[in-house]
Amino acid sequence: MDFEDTPEEAAFRAEVRAFLDRNAERKSEAKSFHRGRYIPEHNIPETVRAAKQWQAKKADAGFAGITWPRQWGGRGGTPVQQVIYGQEEQNYVVPRGVFEIGLGMCIPVLMVYGTPEHLEGHVRPAMRGEEIWCQLFSEPSAGSDLAGLRTRAVRDGDDWVVNGQKIWTSGAHFSNYGILVTRTDPDVPKHAGLTFFFVDMKSPGIEVRRIKQISGGSNFNEVFFTDVRVPDSQRLGKVGDGWKVSITTLMTERLAVGDAPGPDFDDIFALARTLELDAGPAIRNPAVREKLADWYVKTQGLKYTKFRTMTALSRGETPGPEASITKLVSANKLQDIASYGIDLLGMAGAVMDPEVAPMQAWFQEALLYAPGLRIAGGSDEILRNIIAERVLGLPADIRIDKDVPFSQLKTGKR
Amino acid sequence: MNFDFSDDLKLLREQARKFLSEKSSPKSVRKILEGAAPYDAELWRGVAGMGWLGAAVPETYGGAALGYDGLCVLAEEMGHALAPIPFSSSIYLASEAILIAGTEAQKRTHLPKLVTGERIGTLAFAEGAGNPDAVRVQAHVANGKLSGTKLPVADGEIADFAVVAADGTGKASLYLVDLRDPGVTKTSLKSLDPTRNQAKLVFQDVPAEPLGPAGQGLDLIQALLDRAAVLIAFEQVGGAQACLEMARTYATERYAFGRPIGSFQAIKHKLADVYVATELARSNAYYGAWALSTSAAELPIAAAAARVSATDAFHLAAKENIQTHGGMGFTWEADCHLYYRRAKLLATAIGTAPYWKDRLISELERRNAP
Ligand SMILES: Cc1cc2nc3c(=O)[nH]c(=O)nc-3n(C[C@H](O)[C@H](O)[C@H](O)COP(=O)(O)OP(=O)(O)OC[C@H]3O[C@@H](n4cnc5c(N)ncnc54)[C@H](O)[C@@H]3O)c2cc1C
């Protein structure tokens, strides 16, 4: 066992570091709260502009699309290089939260199901940050149960005409394109009647409305489709194969999601050492020490689980199911750490004024966005189902909606 | 990045799994549970015959020199199979104590016999309730003779000799003591896990040979416990994994309400949580294996993290395995309780979770001194 890079990996890492040192600010210990924050919500155009500039630099240096084929402008590199880049970039203050969906899910699915023209037209612009993509999957009556979606697409000549509503679409308000699942046949069982497209978000008939979140900001949206024409050439996969394409997309999503951004063990440890309770620093309190120890072993457990995944990748193996536990563990841990960090502040815990609250109210901010992380990209419950069924091989839930035509299924009040 | 066991060690794991599934089957573990013998002597000879008692011992002393990561792999399998033998006492504690503190002559005298299994050793440290940081050592040595009481001593009834902590509060010294001496009274104690022996040892003027520098006993014990913590963490991970496998199998075979109980989410989610805890513990244990086998400065932190994580995982896995089995899980006849007992035995063996959590945070404070 060792943690050493191979000579090639070490050379790549050095190249990455040199690039990051030249182009980005290294996070300082004193400003550890730089380490992870959701996209600042107060000035979206400014954030998007900064993110685009950064993305273009990254692409020019060959660090966007690391594993993508050279033919489309990628580096043609290995998954291990991708991991190394991620490990290094974490240590720098760089814009986040704008391109993850497009580069982590939309372009990869385009690469599986798109034509050479699609790839010629979109991979490079997405990689350079010129085109932003969003994921138009969830609907008011279809979230975990994605195959319950109702947005209709009806064939009309060379086009499809789309009517319906999507919801919770992150970044739709600044996206150029979106991947879209629709129902094309309501009279067959739900999974069989879906078809997958990508759409230009400027298409006539698309209306984007911001939704205000718990945190007060609005990163996600409702997206309404009224007689939107989508050319059949933008269909991905066969008519009726939309479920299969969606699953491919969600699999890449699960590989793409990393740790929940926000205060982690090091931060609550630092807070506990500096905060004074009645009897001295909080860290002298046995109850605090026990909590800290629990979070430390979870944090380290995740870190070394990733090292195991990376080892499998570098041996050319497919990573084991251990990759599926990251989001489940880290989103819950984040919520608990945020909450406990606030408890440590005692009666001042609820003060969210960044001038007053430690680390610019990082813990308070995280408390308010953490619930979203336990829902987005597969809720805790759905992830447990996946582990139980795909990893442990337990039988699937008994289902009453599988063989019934979609149009005859029961629906709820919400 | 090479954060996995080598192919050779994976073969060793398979070999151990196969060997132990035959020789340490639930049926033979039950013989120890229900019989009078304090351990499975035949299994002990078998394990010795495979060369596994000397896995981490250098060849000069008769060992197999597989390295500590080799010993970790074996520990995981011992835990998986609930091996009812004094493997941890004789190997992780006695052999290791001699390896880290013994003179060349002591190593030559004791290690080859520990490797062949001809002699069995243990550590006699505790003197009643308490964690390692709270032990007030009352046993004392005068004119080379030990007197005092040690309790509990794991495998105390089985061991031929013990590494004994004696002389004083706050520092103490270690001694090698022959337990066959007439001044030693061994009393078997009823154990929460009868497949592993626990005893009370009373010493009255028993010859004691110093092991390591005088006055450094507690430091040596801490170093010893750090090493043992990694190895026992592997036993715990192996045990947790076995519980998960048992529960999974039962959940697919047992039907209620016209369907396998494993199709109920309450069962699925429970077992998913056991899986997650076990994988996190495994990853922490791997880091411990790395720190142990490379003698890294991080060992105290890695060991405590592995210990805390694995104790938690085995407890969760063992209790939810019983729960998944319903009434059957509560019977003497089902094997669930063997793991439940072992989980608690291992959780207490070298100090309980509160102690290791506190130690973990203390070590982190030391490493990141402001
Ligand atoms: C911050 C954020 C960003 C998002 N961004 C996007 C985006 O960009 N694009 C997009 O398409 N969607 C997005 N989503 C939507 C997200 O995918 C859904 O919210 C999620 O899949 C849950 O669906 P739902 O909201 O309909 O809840 P429901 O599916 O109604 O779930 C409600 C509760 O029921 C539980 N539940 C549901 N089914 C089961 C089951 N089978 N077993 C056990 N429990 C179950 C859930 O776990 C949950 O606790 C985003 C959500 C959030 C919070």
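Definitions and cut-offs
For every chain, the first residue of the written sequence is number 1, and numbering continues from 1 onward in sequence order. All chains are assigned letters beginning at A, and all ligands numbers beginning at 1, according to the order in which they are written. Owing to the predicted nature of the model, reporting of local features is limited to residues with pLDDT of at least 70; listing and counting of side-chain atom pairs is limited to 80 or more, with chain, interface and lining totals taken over all residues. Side-chain measures were taken over the full set of non-hydrogen atoms in the model, leaving aside hydrogen atoms and water. For helices the rule is a DSSP run of H or I covering at least 4 residues; for strands it is a run of E covering at least 2, with both sets numbered from the N terminus onward. Atoms counted for the radius of gyration: C-alpha only. Globule rule: 2.2 Å times residue count to the power 0.38. To sort residues, take the accessible area from a 1.4 Å probe on protein chains only and compare it with the maximum for the residue type: under 20% means buried, over 50% means exposed, and anything in between is partly exposed. By definition, residues are in contact when any of their heavy atoms lie within 4.5 Å. Here the accessible surface of atoms and residues is derived via Shrake-Rupley with a 1.4 Å probe, and residues count as covered only by protein chains that are part of the display. The domain limits used here are those given by an automatic or database domain assignment. Note: buried area is the sum, over both parts, of the accessible area (probe 1.4 Å) each one loses when the two are combined. The nearness test applies per residue and asks whether one of its heavy atoms lies within 4 Å of the molecule or strand. Pairing of N or O atoms within 3.5 Å defines a polar contact, subject to two protein rules: one partner must be a possible hydrogen donor and the other a possible acceptor, and residues neighboring in sequence count only if both atoms are side-chain atoms. Throughout, the ten residues Ala, Val, Leu, Ile, Met, Phe, Trp, Tyr, Cys and Pro are labelled nonpolar, Asp, Glu, Lys and Arg are labelled charged, and all others, Gly among them, are labelled polar. Aromatic pairing here means that ring centres of Phe, Tyr or Trp (its six-membered ring) are within 6.5 Å. Orientation follows from the plane angle: under 30 degrees is stacked, over 60 is edge-to-face, and everything else is tilted. A ring is scored as having a charge over it whenever the NZ atom of a lysine or the CZ atom of an arginine sits within 6 Å of its centre and within 35 degrees of its normal. Put simply, a salt bridge is a Lys or Arg side-chain nitrogen that is within 4 Å of an Asp or Glu carboxyl oxygen. Angles here are taken between N-to-C directions and fall from 0 to 180 degrees, while the axes themselves are lines fitted to C-alpha atoms, restricted in helices to the stretch in contact. Orientation is classified from the angle alone, with under 35 degrees giving roughly parallel, over 145 giving roughly antiparallel, 65 to 115 giving roughly perpendicular, and any other angle giving oblique. Each crossing is labelled by how the near helix is turned from the far one, with a counterclockwise turn of less than a right angle marking it left-handed and a clockwise turn marking it right-handed. Expected span of a helix, by definition, is 1.5 Å for each gap between consecutive residues, and there is one gap fewer than residues. A residue's bend is given by the angle between axes fitted to the 7 residues ending at it and the 7 residues starting at it.

Q: Mind showing me how you'd approach the overall build of chain A here?
A: Scanning chain A from N- to C-terminus turns up eleven helices and twelve strands. Computed over the C-alpha atoms, the radius of gyration of chain A is 23 Å, within 12% of the 22 Å expected from 2.2 N^0.38 for a compact globule of 414 residues. Going through the 414 residues of chain A one by one, you find that 48% of them count as buried. If you take every contact in chain A between residues at least 6 apart in sequence, the share linking residues at least 24 apart comes to 73%. As presented, chain A carries roughly 19300 Å² of accessible surface, and 52% of it is formed by carbon and sulfur atoms.

Q: Help me understand the overall build of chain B in this model?
A: The helix and strand inventory of chain B stands at eleven helices and nine strands. Relative to the globule expectation of 21 Å for 370 residues, the C-alpha radius of gyration of chain B, 20 Å, shows essentially globular dimensions. For the C-alpha atoms alone, the extent of chain B along its principal axes is close to 75 × 55 × 40 Å. When each of the 370 residues of chain B is scored for burial, the buried share is 61%. Relative to all contacts within chain B whose residues are 6 or more apart in sequence, the contacts with residues 24 or more apart total 74%.

Q: Where do I start with the domain arrangement of chain B in this structure?
A: In many analyses, interface size is given as the accessible surface area lost on bringing the parts together. Residue and element names in this part refer to chain B. What the domain assignment lists for chain B is domain 1 (7-116), domain 2 (121-213) and domain 3 (218-368). Once you take the C-alpha centre of each, domain 2 and domain 3 turn out to be 28 Å apart. If you look at the interface, domain 2 gives 20 residues, while domain 3 gives 13 residues. Interface area, domain 2 with domain 3, both sides summed: about 1400 Å², of which 72% is carbon and sulfur.

Q: So what exactly am I meant to see when it comes to the site of the ligand here?
A: Around the ligand lies a shell of 18 residues, among which A:Ser144, A:Trp168, A:Ser379, A:Glu381 and B:Gln265 are the nearest. One chain alone does not account for the residues near the ligand; they come from chains A and B. Take A:Trp168: an N or O atom from its main chain is 2.9 Å from a nitrogen atom of the ligand. In this structure, A:Ser170 approaches the ligand through a side-chain N or O atom, which is 2.7 Å from a nitrogen atom. Within the complex, 67% of the 970 Å² of free accessible area of the ligand lies under protein. Breaking the shell around the ligand down by element, the ones donating at least two residues are β5 (159-170) and α11 (380-391) of chain A. Along the lines of polarity and charge, the residues of the shell around the ligand split into seven nonpolar, ten polar and one charged.

Q: Looking at this structure, how should I read the packing of aromatic side chains?
A: Each aromatic ring pair is specified by the distance between its two centres and by the angle formed by the two planes. Considering all chains together, one arrives at 32 aromatic pairs over all chains under this definition. Aromatic pair A:Phe12 and A:Phe63: ring centres 5.9 Å apart, planes at 70°, arrangement edge-to-face. Taken together, the positions of A:Phe12 in helix α1 (residues 7-23) and A:Phe63 in the loop between α2 (44-60) and α3 (79-89) put the pair 51 residues apart, joining distant regions of the chain. Neither residue differs from the other here; A:Phe12 and A:Phe63 are each classed as buried. Here a set of aromatic residues connected by ring pairs shows up, and it is made of A:Phe3, A:Tyr304, A:Phe307, B:Phe3, B:Phe5, B:Phe234, B:Tyr286, B:Tyr287 and B:Trp290. A:Arg183 extends its terminal NZ or CZ atom over the ring of A:Phe406, reaching a point 3.4 Å from the ring centre. Across the ring face of B:Tyr68, the terminal group of B:Arg227 is positioned such that the distance to the ring centre comes to 5.0 Å.

Q: Got a minute to help me understand the interface of chain A and chain B in this structure?
A: Tallying the contact residues gives 49 residues for chain A and 48 residues for chain B. Counting the contacts that link chain A with chain B gives ten salt bridges. The partner of B:Asp4 in a salt bridge is A:Arg315, with the nearest N and O atoms 3.5 Å apart. Our count for the contact surface shared by chain A and chain B stands at 25 residue pairs in polar contact (both at pLDDT 80 or more). Going through the elements one at a time, α7 (265-274), α8 (286-314), α9 (326-344) and α11 of chain A are the ones with two or more residues in the side of chain A that touches chain B.

Q: Could you clarify how one ought to interpret the packing of helix α1 (residues 7-23) of chain B against helix α4 (residues 68-80) of chain B in this entry?
A: When two helices pack together, their arrangement is given by the angle between the helix axes and the distance between those axes. Residues and elements named next belong to chain B. Orientation of α1 relative to α4, taken along the N-to-C sense of each, is 25°, at an axis distance of 9 Å. Between α1 and α4, the crossing angle belongs to the class labelled roughly parallel. Of the two elements, α1 crosses α4, and the hand of that crossing is right-handed. For the pair α1 and α4, contact is made by Leu 9, Leu 12, Arg 13, Ala 16, Arg 17 and Leu 20 and by Asp 69, Gly 70, Val 73, Leu 74, Glu 76, Glu 77, Met 78 and His 80, respectively. The residue makeup of the contact of α1 with α4, split by class, is seven nonpolar, two polar and five charged.

Q: What is the right way to look at the side chain of A:Asp401 in this model?
A: Residues and elements named next belong to chain A. Mapped onto the fold, Asp 401 is located in the segment after α11. A polar contact is formed between the side chain of Asp 401 and the side chain of Lys 190, at a distance of 2.4 Å. Here Arg 399 takes part through its side chain, which lies 3.0 Å from a polar atom of the side chain of Asp 401. If we skip the residues at most four places from it in the chain, Asp 401 touches Asp 145, Lys 190 and Leu 409.

Q: Any chance you could explain helix α4 (residues 100-113) of chain A here in plain terms?
A: Note on helix geometry: an α-helix contains 3.6 residues per turn, so any two residues three or four positions apart are oriented the same way. Residue and element names in this part refer to chain A. Helix length check: α4 (14 residues) gives 20 Å between terminal C-alpha atoms against 20 Å at 1.5 Å per residue, within 8%. Along α4, the helix axis deviates most sharply at Cys 106, where the bend reaches about 30°; the proline Pro 108 sits within four residues downstream. Regarding α4, the residues found buried are Gly 102, Gly 104, Met 105, Cys 106, Ile 107, Pro 108, Val 109 and Leu 110.

Q: What am I meant to see in the environment of B:Lys270 here?
A: Residues and elements named next belong to chain B. Structurally, Lys 270 can be placed in helix α8 (residues 265-293). In sequence terms Lys 270 and Trp 290 are 20 residues apart; their C-alpha atoms lie 31 Å from each other. Every residue in contact with Lys 270, bar those within four places of it in the chain, is listed here: Gln 265, Glu 320, Gln 323 and Thr 324. A distance of 3.2 Å separates polar atoms of two side chains, one belonging to Lys 270 and the other to Glu 320.

Q: Even after reading the chapter, I still don't get the pattern of salt bridges, so can you show me in this structure?
A: Note that side chains of opposite charge can pair when their charged atoms are close. Under the definition given, this model contains 48 salt bridges over all chains. Residue A:Arg289 pairs with B:Asp358 through a salt bridge whose shortest N-O separation is 2.6 Å. With A:Arg289 in helix α8 and B:Asp358 in helix α11 (residues 353-367), this pair bridges two chains. Owing to a relative accessible area of 5%, A:Arg289 belongs among the buried residues under this scheme. The partner of A:Glu389 in a salt bridge is B:Lys268, with the nearest N and O atoms 2.6 Å apart. Of this pair, A:Glu389 sits in helix α11 while B:Lys268 sits in helix α8, each in a different chain.

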